[in-house]
Every structure is written in C-alpha cells, then in structure tokens.
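The primary structure of each chain is shown beneath.
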Amino acid sequence: MELAYTEEEEAFRARLRAWLDRVLPTLPPRPDPLDWPARRAYDMDWQRRLYDAGYAGLHWPEDAGGQGATPTQHLIFLEETEAAGAPYVGAGFVGLLHAGPTIAAEGSPQQRARWLPPILRGEEVWCQGFSEPDAGSDLASLRTRAVRDGDAYVVTGAKIWTSHAEVADWCELLVRTDPEAPRHRGISWLALPMDAPGVTVRPLRTLAGSREFAEVFLDEVRVPVCNRVGAENDGWSVTMVTLSFERGTAFVGEVVACRRTLRLLARRARQNGCWDDAAVRRRLGRLNAEFTALWRLIQWNVSEAAHGLRQGGTGVPGVGGSVFKLRYSHARQELYEAAAAVLGPGSLDLAEEWALERLSSLSYTIAAGTSQIQHNIVAERILGLPKGR
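Chains are numbered independently. Their residues run from 1 in the order of the written sequence. Confidence filtering applies because this is a predicted model: local features only for residues at pLDDT of at least 70, side-chain atom pairs given and counted only at 80 or more, and all residues used for totals across whole chains, interfaces and linings. Processing note: side-chain calculations cover all non-hydrogen atoms of the structure and skip hydrogens and water entirely.

## Quick word on the overall build of the protein chain
Applied cut-off: Under the DSSP-based scheme used, a helix requires at least four consecutive residues in state H or I and a strand at least two consecutive residues in state E, with every element numbered from the N terminus. When accessible area is computed with a 1.4 Å probe and restricted to protein chains, residues below 20% of their type maximum are described as buried, those above 50% as exposed, and intermediate ones as partly exposed. Whether two residues touch is decided by their heavy atoms; if any such pair falls within 4.5 Å, the residues are in contact. The protein chains shown are the only cover counted for residues, whose accessible areas, like all others here, come from Shrake-Rupley with a 1.4 Å probe.
Across its full length, the protein chain carries 11 helices and eight strands. Burial statistics for the protein chain: of 389 residues in total, 51% are counted as buried. For the protein chain, restricting intrachain contacts to residue pairs at least 6 apart in sequence, the fraction spanning at least 24 positions comes to 71%. In the form shown here, the protein chain has an accessible surface area of approximately 18,300 Å², with 52% of it arising from carbon and sulfur atoms.

## Points about helix H4 (residues 93–106)
Just so we agree on the cut-off: In this scheme, a helix's expected span is set at 1.5 Å multiplied by one less than its residue total. Here the bend at a residue means the angle between the axes of two seven-residue stretches, the one that ends at it and the one that starts at it.
A rise of 1.5 Å per residue sets the reference length of H4, with its 14 residues, at 20 Å; its end C-alpha atoms lie 19 Å apart and thus fit the reference within 8%. The largest bend along H4 measures about 40° and falls at Ala-99, with the proline Pro-101 one to four residues further on. Summarising burial for H4: 11 of the 14 residues are buried, a large majority. Those residues of H4 lying buried are Val-94, Gly-95, Leu-96, Leu-97, His-98, Ala-99, Gly-100, Pro-101, Thr-102, Ile-103 and Ala-104.

## Remarks on the packing of aromatic side chains
Stated precisely, the cut-off is as follows: A pair of Phe, Tyr and Trp rings is counted when the ring centres sit within 6.5 Å of each other, with Trp represented by its six-membered ring. The angle between the planes then sorts it: under 30 degrees is stacked, over 60 is edge-to-face, the rest tilted. Any Lys NZ or Arg CZ that is within 6 Å of a ring centre and within 35 degrees of that ring's normal is treated as a charge sitting over the ring.
The full count for this structure, using the stated rule, is eight aromatic pairs. Both rings, one in Trp-115 and one in Trp-170, keep their centres 5.5 Å apart while their planes meet at 70°; by these two values the pair is edge-to-face. Placement of Trp-115 in helix H5 (residues 109–121) and of Trp-170 in strand S4 (residues 170–176) is noted, with a sequence separation of 55 residues between them. Trp-170 matches Trp-115 in its accessibility class, with the two residues each being buried. Taken together through their ring pairs, the aromatic side chains of Phe-12, Trp-19, Trp-46, Tyr-55 and Phe-77 make up a single cluster. Geometry around Tyr-153 places Arg-148 over its ring, the cationic atom sitting 5.7 Å from the centre.

## Here's the deal with the confidence of the model for the protein chain
How we decide: Note on scores: pLDDT gives the predictor's confidence for each residue, bounded by 0 and 100.
With 81% of its residues at a pLDDT of 70 or more, the protein chain has an overall mean of 84. Confidence over residues 312–316 falls short of pLDDT 50; this stretch has 10 contacts with residues more than four positions distant or in other chains.

## Quick notes on the pairing of strand S1 (residues 126–129)
Inclusion rule: The pairing criterion is simple: DSSP has to find at least two bridges between the two strands.
Because side chains alternate across S1, one face comprises the buried residues Trp-126 and Gln-128, and the other comprises Cys-127 and Gly-129, equally buried. Two elements, S1 and S4, share four bridges in a ladder whose sense is parallel. Across the sheet, the residue bridging to Cys-127 is Cys-171, located in S4.

## Considering the pattern of salt bridges
Pairing between side chains becomes possible if they bear opposite charge and their charged atoms approach one another. We count it as follows: Throughout this description, the term salt bridge denotes a Lys or Arg side-chain nitrogen within 4 Å of a carboxyl oxygen of Asp or Glu.
For the structure shown, the criterion picks out 21 salt bridges. Linking Arg-286 and Glu-334 is a salt bridge whose minimum nitrogen-to-oxygen distance equals 3.5 Å. One end of the pair, Arg-286, is in helix H8 (residues 278–310); the other, Glu-334, is in helix H9 (residues 320–343), with 48 residues separating them in the sequence.

## Regarding H5
Taking 1.5 Å per residue, 13 residues should reach 18 Å; H5 reaches 18 Å between its end C-alpha atoms and fits that length. Of all the bends in H5, the largest measures some 25° and sits at Trp-115, one to four residues before the proline Pro-117. Taken together, the buried positions of H5 are Gln-111, Arg-112, Trp-115, Leu-116, Pro-118, Ile-119 and Leu-120. Buried residues belonging to H5 abut helix H2 (36–53), H4, S1, S4, strand S5 (187–193) and strand S8 (228–229).

## What about the nonpolar core?
The tendency in soluble globular proteins is for nonpolar side chains to be buried side by side. As a reminder, the rule being used: For the purposes of this section, nonpolar cores are sets of buried Ala, Val, Leu, Ile, Met, Phe, Trp, Tyr and Cys residues that join through side-chain atoms within 4.5 Å.
Among the nonpolar cores identified, the biggest contains 72 residues, and Trp-46, Trp-126, Leu-265, Leu-284 and Phe-291 are the most heavily contacted of them. The element contributing the most residues to this core is H9, with nine residues. With 22 residues, the next largest nonpolar core counts Tyr-153, Ala-165, Leu-218 and Val-225 among its residues.

## Digging into the packing of helix H1 (residues 7–23) against H2
Put simply, the rule is: What counts as an axis is a line fitted to C-alpha atoms, over the stretch in contact for a helix, and the angles between N-to-C directions run from 0 to 180 degrees. Just so you know how the angles are binned, under 35 degrees is roughly parallel, over 145 roughly antiparallel, 65 to 115 roughly perpendicular, and the rest oblique. Left-handed describes a crossing whose near helix is turned anticlockwise from the far helix through less than a right angle; right-handed describes the clockwise counterpart. All amino acids are sorted into three groups, where Ala, Val, Leu, Ile, Met, Phe, Trp, Tyr, Cys and Pro are nonpolar, Asp, Glu, Lys and Arg are charged, and the leftover types, Gly among them, are polar.
Here H1 crosses H2 at 135°, and the two axes come no closer than 13 Å. One finds that H1 runs oblique with respect to H2. Crossing of H1 against H2: the hand is right-handed. The segment H1 lies against H2, with Trp-19, Leu-20 and Val-23 engaging Trp-46, Arg-49, Leu-50 and Ala-53. Here the contact of H1 with H2 is composed, by residue class, of six nonpolar, no polar and one charged.

## Notes on the pairing of strand S7 (residues 213–224)
Across nine bridges, strand S3 (residues 152–163) lies against S7 in antiparallel orientation. Directly across from Val-154, in S7, lies its bridge partner Arg-222. Of the strand pairs in this sheet, strand S6 (residues 199–204) and S7 are connected by six bridges, and their pairing is antiparallel. Its bridge partner being in S7, Val-199 is matched across the sheet by Leu-218.

## A word on the packing of H4 against H5
At a closest axis distance of 9 Å, the pairing of H4 and H5 adopts a crossing angle of 160°. The orientation of H4 with respect to H5, classified from their angle, is roughly antiparallel. You can see that H4 and H5 cross each other, and the crossing is left-handed. Contacts between H4 and H5 involve Gly-95, Leu-96, Gly-100, Ile-103, Ala-104 and Ala-105 from the first element and Gln-111, Arg-112, Trp-115, Leu-116, Ile-119 and Leu-120 from the second.

## Thoughts on the side chain of Glu-79
Note that Glu-79 resides in helix H3 (residues 71–83). Looking at Glu-79, the relative accessible area reads 19%, which means it is buried.

This is the structure we're talking about:
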C-alpha cells in the first residue's frame, strides 16, 4: 500500500477542489433531514452533477460505467468532498455503495446495462430487502418465498429495516427459492421493482424521528426471472458479495465525516473550557488515533480489492471489511458519547445535528451485520477458530 501521493494524484485533487469551489455555491438549500422525498430529490440532483462532471462511480470499473479511478483517487475524492461540506450519497447509498457494485461484479451484461447507468445518473434509488422480522442477524433463516411460475417468480413474505423503501424504485431482495434446501442454499437475489402490484411499504420511525427505513410486505408479487442476479438457489454467494461491499467500503465516507466531526469537537472543547480537563484531551486524542487507524485500514482494504481486480479477480473487498466494520461501529458510538461529555445538555437538543447523530450512532452495531456476527466472521474466517456450537 502506497500512502504518499503522486504528482498525478495531487493534480486530480486540485481539479476536484476547483470544481467543488465552483459548484457547491450553486446548490439549493438542504431539505429538512426528516423529509425523505425532498432529500431524495436533493441527493439525486447532486448525483447527476457528479455524473455530468465525470465523478460518478469514480472507482467503479470502466466496463460498469465508472471512471476506473485508482483507490487513492477514490480516497482523495472522499476526503475533498467531505472537507468542502459537499453532500454525501444520501438516499442513493444502497444503489451506489452495494447494490450497484454487486450487479457490476455478478450481473449479466444485460443487467449491468439496465441498472447501472440509472444509478450513476441519479435517476433510480435502490433499497435493501434482506432482514425479516424473524431473520435479522440470522439472515440465512429468511422465509420470504419465491415460487417459479413460467418466466416469473411469485414472491410472498415480509421484510423489515428496508433502507429508503419509501422513496426507492428498486429493491435488492433475498428470497427462498428452495424451501427444502439447507439454510444457506435455496436462496436467490432478485431485483424487485417497488411499484409492482402487491408491494406495500409501511415506513418505520427511528429514535431520532426519521423514516429512513420501512417494513415491506409482499403479497404474490411477480418478479421476472431475468431480474435474478446469479444462479437460482445461489443467492447466498451473491449476498456475500453485497455484504463485502457494505462492510468493506460503504462506510468509507462516514469515517472521513467522523474525522471532521472530531476536529470540530476538539474546537468546541477549546472554546467552552473542556480542553483544560486532561481526561477530555486523552479521550479525544485516543479517538483521533482510532479514526486514523481506521482510515489506514480502509486504505489497506481498498488497495487489496484493487490489487485483486488487477490480478483478474472481482475487486470485491475481503473479510477484512468485518474487522473494519466491527471497530468503526463502536468508535462512532464512542465519538458521540465524547461529544455529549464536551457539549453537555446541548447535546440532547434534537434540533441540533449532534443529538441526531448520537442517536443514529446507536444503530451502527446492528446495521450491516451485528457486532456479534462480525466477531464470528473474524474468529472463523480470519483467525481460523472452530465454529461455535
């Protein structure tokens, strides 16, 4: 892994900064964070601007519609957009960060041509239909059924914690196509059109008051067989690709944001006198070391995936993503606990972004696979320990 920047990379950084300086002042006001239809429109407008400027799918392979940028250019892009206060992927995160990359890695040429360009242009939003009321962390026990009927599957079941279902056009959906098969077999990965007859979306309200995910009920929904990514009953292997992207690279931009938040928090501590407390300085210093280490781990994971791609592999992140996700989810919670200590009662005001982010941080040890699941993956697949009984 090369941590120094080349002249070419620094030139890329300069061009990006100049573009951000021109474009960011022209953006409309940010919408209410609880208004997801308005946020979708805002986020998709930003995605279109990235597309028109040649920054959409920066690190995606060129044959998937991306720019084929190096891992370092991708990380520079994330650093500079966050430092400039540019919008993040927002409502587009499922499509851009794991559904799209999964289709790029596992989809047919026809599927790549149909779904990837609208994702990159900011025209279609995806949601994730993995978890169920009785199959959250134990994803392989999912019960949503898909019965083959000619050139379609008839899908019946329910999903929960479906991110952005309220504003999504498509859903990456896991279904059981062979109920007699062992748990990790007989599963298929489908692209579900959210406007299909029989799809009912019931938004769920988070602790912070947002409706960023929902319950989704499927009542004999017909999904074309051509919408299946991968072979029938081999959806678990496709799912592992999705989860590798979700845990390995999808949180990259958020680490950049956390490092910026930590700098702001240190500034507030100096302003309100908390900096005089040695315990506060030690706490913030340790968090700085944590997020610096996480950033290095990101660089390693991204570089490893890129190296695999150059060697003829898929470019899918490895199991090191579980190490990153496990530590990042806890570090994020610790960051906002430290913010509460520095800001005092003001950190409880739900009108403030600090309070909303603190409440949101509580979900990170559950989202994208619980910490318990990540511990098992690290133990079994990295350390080689025997499976628990």
